[in-house]
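In case you want the letters, here they are:
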Amino acid sequence: MRPSLEIGLIPLQPGDVRRWDDGVWQVAHIETYAASTETSNTFHLAVLTPDGTLANPLSLRIGDQRLLHLYFSSEDFALTWPESDECLPSEGYEAPPLEGWQVERMQEFEGDRTEALCDRVLVCWCIPIRAAADSTAA
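Residues numbered from 1 in each chain as written. Predicted model: local features only at pLDDT ≥ 70, side-chain atom pairs only at ≥ 80, totals over all residues. Heavy atoms only, no water.

Draft legend 1. Structural view of the packing of aromatic side chains. Under the defined criterion, the tally for this structure stands at five aromatic pairs. Centre to centre, the rings of Tyr33 and Phe43 are 5.4 Å apart; their planes meet at 15 degrees, and the pair counts as stacked. Of this pair, Tyr33 sits in strand 3 (residues 23-35) while Phe43 sits in strand 4 (residues 42-49), and the two are ten residues apart along the sequence. In terms of burial, Tyr33 and Phe43 fall into one category: buried. Three or more aromatic residues link up through ring pairs in this structure, and these residues are Tyr33, Phe43 and Phe109. (Phe/Tyr/Trp six-rings, centres within 6.5 Å; stacked < 30°, edge-to-face > 60°. Helix = DSSP H or I, 4+ residues; strand = E, 2+ residues; numbered from the N terminus. Buried < 20%, exposed > 50% of the residue type's maximum accessible area, 1.4 Å probe, protein only.)

Draft legend 2. A look at the pattern of salt bridges. Under the counting rule described, the total for this entry stands at three salt bridges. Where Glu108 meets Arg120, a salt bridge forms, and the shortest distance between an N and an O atom there is 3.5 Å. Of this pair, Glu108 sits in strand 7 (residues 101-111) while Arg120 sits in strand 8 (residues 120-128), and the two are twelve residues apart along the sequence. We classify Arg120 as partly exposed; its relative accessible area is 25%. (Salt bridge = Lys/Arg side-chain N within 4 Å of Asp/Glu carboxyl O.)

Draft legend 3. How the structure looks around a nonpolar patch on the surface. Where nonpolar side chains cluster on the molecular surface, the patch consists of Ile7, Phe77 and Leu79 and spans about 260 Å² of accessible area. Along the chain, Leu79 falls in strand 6 (residues 77-80). Taking the relative accessible area as the measure of exposure, Leu79 reaches 31% and is therefore partly exposed. (Patch = residues over 30% accessible without salt bridge, like charges linked within 9 Å, V, L, I, M, F, W, Y side chains within 5 Å. Areas by Shrake-Rupley, 256 points an atom, 1.4 Å probe, with all protein chains shown as cover.)

Draft legend 4. Spotlight on the state of the cysteines. One pass over the structure, following the stated rule, counts zero disulfides. Cys126 forms no disulfide, and the closest cysteine sulfur to it belongs to Cys124, at a distance of 5.9 Å. Given a relative accessible area of 9%, Cys126 falls into the buried group. (Disulfide = S-S within 2.5 Å.)

Draft legend 5. Seen up close, the nonpolar core. Tyr33, Phe43, Phe109 and Val121 are the most contacted members of the largest nonpolar core, which totals 13 residues. Within the residue set of this core, elements represented by two or more residues are strand 3, strand 4, strand 5 (67-72) and strand 8. At three residues, strand 4 tops the list of elements feeding residues into this core. With near-sequence residues (within four places) excluded, Phe43 lies in contact with Ile7, Gly8, Leu9, Glu31, Thr32, Tyr33, Leu70, Phe109, Val121 and Val123. Counting eight residues, the second largest nonpolar core, distinct from the first, contains Ala95, Trp101, Val103 and Cys126. (Core = buried A, V, L, I, M, F, W, Y, C linked by side-chain atoms within 4.5 Å. Contact = heavy atoms within 4.5 Å.)

In structure tokens:
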């Protein structure tokens, strides 16, 4: 069974238990990501496994650049691991994983350790494409 991820504002501790999908998951690894600008915004990424152990957290890395994009709208969220710079989101453009939504603003985060799962995390706050068009027409 593959590990699962939990992203949150409240830091978890190794061994903390979560229950979902008729299973019990335990925190095996935790990283903290802080905004790269001068704000105090942070979030925590926890890796959970059924038995609370993880032989090598770095084996979870995806791609060479180790980027993670989080897209949030008022209705949904999505996360992606892009393969190249061509996939970088841009403010004012469509948010590919959320059909009908566009990126209104972005914030960049960096991990608390050199060997983090991700080098950078881009959090994209999205609005409906129609609402964006209406606000520019007004």
